[in-house]
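Architecture and fold: a report
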Amino acid sequence: MSKKVLVTGGTGYIGSHTIIDLIENGFTPISVDNGVNSMASILDQVSSITGITVEHYNIDLCDFAKTEQIFKEHEITGVIHFAALKAVGESVEQPLRYFKNNIDSLLTVLELSQKYQVKAFIFSSSCTVYGDVLSSPVTEETPMQEAASPYGRTKQIGEQIISDTLAHQNKLKAVLLRYFNPAGAHTSGLLGEAPSTPAANLVPVITETAIGKRESMSIFGTDYDTRDGSCIRDYIHVMDLAHAHTLALQHILSGKQDQPVDIYNLGIGQGATVLEVIKAFEETTQIKLNYQIAPRRPGDIMAIFANYDKAKEKLGWNPKYKIQDIMRTAWVWEQKRTKL
Ligand code: UD1
């Protein structure tokens, strides 16, 4: 029988793409989301792509009793915990909301995973846990610096909660996945990022500018000590990222993980500057972007990109998409999304 995997944040950007990858690899995903930054109708798109209707619960994970109901109704083998608030700037303005939501929901899901004998727990972490690193590429052993935002701190604390909780038991195993900069959309053009609040991340800001939802966009700083003065990040295609979750799950379920908690960086190992990303968009789509140079954005770090050797060696993960693929798929999706 196909194994059931609870995907929290299942209607969100990375959650919905991971649901597709899980289905393609023989799992039965169950989605839960409170819809605070996504719409349940995104699962119709998932259904068009896979031919499968995913069972979905519109529940807030801070509600323990309601969440427990899902674990009672289904025999859950694995949990992939995406659900969280994720806007860096907003977290600076509303730190308590971020701590309450991101920590409380994690505690609920982790406690229930133990209680109902789930075997694998995959946690959405972020390269933000490294803080303002001195040099890149960063490995999983690179020491963490002070988090640059309350959002980043919720990820650091989340990782610690999982490690402490699982340290002295051997039933539930966890993987912490540290994402670099997820971007792009499903290659079908039927699914992509559909935030209900205005986009703040670079790639959706680019596509929204290109389609005319914004008159122009800003490049936050060209006075950094980088090859062209703009910040460097490691942009990873969302489908490559999604597949890493399936691999991490399979790794645990096949008994290959010895320690209670393991950590993997997920990036492509190459940094791109903001100006290079813009150029890649313009070259891929033949559309000229209207942008201006603006002051640095508070909380931004200068440069970070991944060493992902560990995910490659232990999980067999090989990201296959390039920045051009990210731009092409994001642009196809932006045009489709506008018509939905
Ligand atoms: C940050 C976090 C990441 C988190 C993500 C969630 C770090 C290192 N990364 O990503 O972990 O998951 O937020 O939102 O803390 N930019 C512009 N103009 C724009 C938008 C962005 O120039 O309109 C620039 C930014 O200054 C930055 C780069 O583009 O240099 C990427 O920004 P963004 O897409 O917002 O992601 P991060 O801030 O890197």
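**Quick notes on the packing of aromatic side chains**
- Summed over the entire model, instances satisfying the criterion amount to 4 aromatic pairs.
- Relative to Tyr-116, the ring of Phe-71 has its centre 5.8 Å away and its plane inclined at 35°; by these criteria the two rings are tilted. Within this pair, whereas Phe-71 is found in helix α3 (residues 64-73), its partner Tyr-116 is found in the loop between α5 (95-115) and β5 (120-126), the two being separated by 45 residues in sequence.
- The partly exposed category is assigned to Tyr-116, whose relative accessible area is 26%.
- Over the face of the ring belonging to Tyr-224 we find Arg-296, whose NZ or CZ atom lies 4.0 Å from the ring centre.

**Section: the nonpolar core**
- Ranked by size, the top nonpolar core spans 39 residues in total, and within it Val-46, Ile-122, Leu-266 and Trp-317 carry the most contacts.
- Only β1 (4-8), α1 (13-24), α2 (42-50), β5, β6 (173-179), α8 (238-253), β11 (261-266) and α10 (309-315) provide two or more residues apiece to this core.
- Counting residues per element, this core draws most heavily on α8, which supplies 7 residues.
- Excluding residues within four positions of it along the chain, Trp-317 makes contact with Ile-236, Asp-240, Ala-244, Leu-247, Asn-265, Leu-266, Gly-267, Tyr-308, Ala-311 and Lys-312.

**Re the site of the ligand**
- Around the ligand, the surrounding shell holds 20 residues, and the nearest of these are Ser-126, Leu-202, Ser-218, Arg-233 and Asp-300.
- Thr-128 places a polar side-chain atom, nitrogen or oxygen, 3.1 Å from an oxygen atom of the ligand.
- Between the ligand and the protein, one listed contact pairs an oxygen atom with a side-chain N or O atom of Asn-201 at 3.1 Å.
- Calculation on the ligand without its partners gives an accessible area of 740 Å², and the protein chains cover 91% of this total.
- Elements supplying a minimum of two residues to the shell around the ligand: α7 (202-211) and β8 (217-220).
- At 3 residues, β8 tops the list of elements feeding residues into the shell around the ligand.
- Among the residues forming the shell around the ligand, the class breakdown is 11 nonpolar, 5 polar and 4 charged.

**Quick word on unusual backbone geometry**
- Backbone torsion omega between Ser-136 and Pro-137 reads 5°, so that peptide bond is classified as cis.
- Tracing the backbone shows Pro-137 in the loop between β5 and α6 (150-166).
- Positive phi values are uncommon outside glycine, yet Gln-117 reaches one of about 55°.
- Its place among the elements puts Gln-117 in the loop between α5 and β5.
- Using a relative accessible area of 57% as the deciding quantity, one classes Gln-117 as exposed.
- Phi angles above zero are rare outside glycine, and Gln-286 is one such case at about 60°.
- Summarising the element assignment, Gln-286 is placed in the loop between α9 (274-285) and β13 (291-294).

**Quick word on the packing of α7 against α9**
- It is at 11 Å that the axes of α7 and α9 come closest, and there the two elements cross at 45°. Taken together, the axes of α7 and α9 are oblique relative to one another. Read as a crossing pair, α7 and α9 show a hand that is right-handed. Residues Leu-202, Ile-206, Thr-207 and Ala-210 of α7 pack against Val-274, Val-277, Ile-278 and Phe-281 of α9.
- Taken together, the residues of the contact of α7 with α9 sort by class into 7 nonpolar, 1 polar and no charged.

**Re the pattern of salt bridges**
- Inspection of every chain in the model, using the stated rule, returns 20 salt bridges.
- Note that Arg-97 is salt-bridged to Glu-90, the shortest N-O span being 3.6 Å.
- Between Asp-223 and Arg-296 there is a salt bridge whose closest N-O contact spans 3.0 Å. Placement of the pair is Asp-223 in the loop between β8 and β9 (232-233) and Arg-296 in the loop between β13 and α10, with a sequence separation of 73 residues.
- A network of salt bridges, in which partner residues are shared, links Glu-208, Lys-213, Arg-214, Glu-334 and Arg-337.

**Focus: the sheet that holds β5**
- Spatial ordering of the open sheet is given by β3-β2-β1-β4-β5-β6-β11, a layout of 7 strands whose pairing is parallel. The outermost strands of the open sheet, each flanked by one partner alone, are β3 (55-58) and β11. Neighbouring strand axes in the sheet, compared pairwise and without regard to direction, differ in orientation by 20° on average.
- Of the pairings in the sheet, the one linking β1 to strand β2 (residues 28-33) comprises 5 bridges and is parallel in character. The partner of Val-7 across the bridge, within β2, is Ser-31.
- Set on the sheet, α6 makes contact with β5, β6 and β11; between it and β5 the angle comes to about 155°.

**Side note on the side chain of Thr-209**
- Relative to the helices and strands, Thr-209 resides in helix α7.
- Those residues in contact with Thr-209, other than ones at most four positions away along the chain, are Arg-214, Glu-215, Ser-216, Met-217, Leu-289 and Asn-290.

**Observations concerning α5**
- Over its 21 residues, α5 runs 30 Å from end to end, which matches the ideal 30 Å to within 8%, given 1.5 Å per residue.
- Those residues of α5 not exposed but buried are Tyr-98, Asn-101, Asn-102, Ile-103, Ser-105, Leu-106, Thr-108, Val-109, Leu-110, Leu-112 and Ser-113.
- Gln-117, located one to two residues past α5, shows a positive phi value of around 55°.

Rules used throughout
Residues numbered from 1 in each chain as written. Predicted model: local features only at pLDDT ≥ 70, side-chain atom pairs only at ≥ 80, totals over all residues. Heavy atoms only, no water. Phe/Tyr/Trp six-rings, centres within 6.5 Å; stacked < 30°, edge-to-face > 60°. Helix = DSSP H or I, 4+ residues; strand = E, 2+ residues; numbered from the N terminus. Buried < 20%, exposed > 50% of the residue type's maximum accessible area, 1.4 Å probe, protein only. Lys NZ or Arg CZ within 6 Å of the ring centre and 35° of its normal. Core = buried A, V, L, I, M, F, W, Y, C linked by side-chain atoms within 4.5 Å. Contact = heavy atoms within 4.5 Å. Near = heavy atom within 4 Å. Polar contact = N/O pair within 3.5 Å; in protein donor to acceptor, adjacent residues only side chain to side chain. Areas by Shrake-Rupley, 256 points an atom, 1.4 Å probe, with all protein chains shown as cover. Nonpolar A, V, L, I, M, F, W, Y, C, P; charged D, E, K, R; others polar. Axes fitted to C-alpha atoms, helices over the stretch in contact; angles between N-to-C directions. Parallel < 35°, antiparallel > 145°, perpendicular 65-115°, else oblique. Left-handed = near helix turned anticlockwise from the far one by under 90°. Salt bridge = Lys/Arg side-chain N within 4 Å of Asp/Glu carboxyl O. Pairing = 2+ DSSP bridges. Expected span 1.5 Å × (residues − 1).

Any functional reading would require information beyond the geometric quantities listed.
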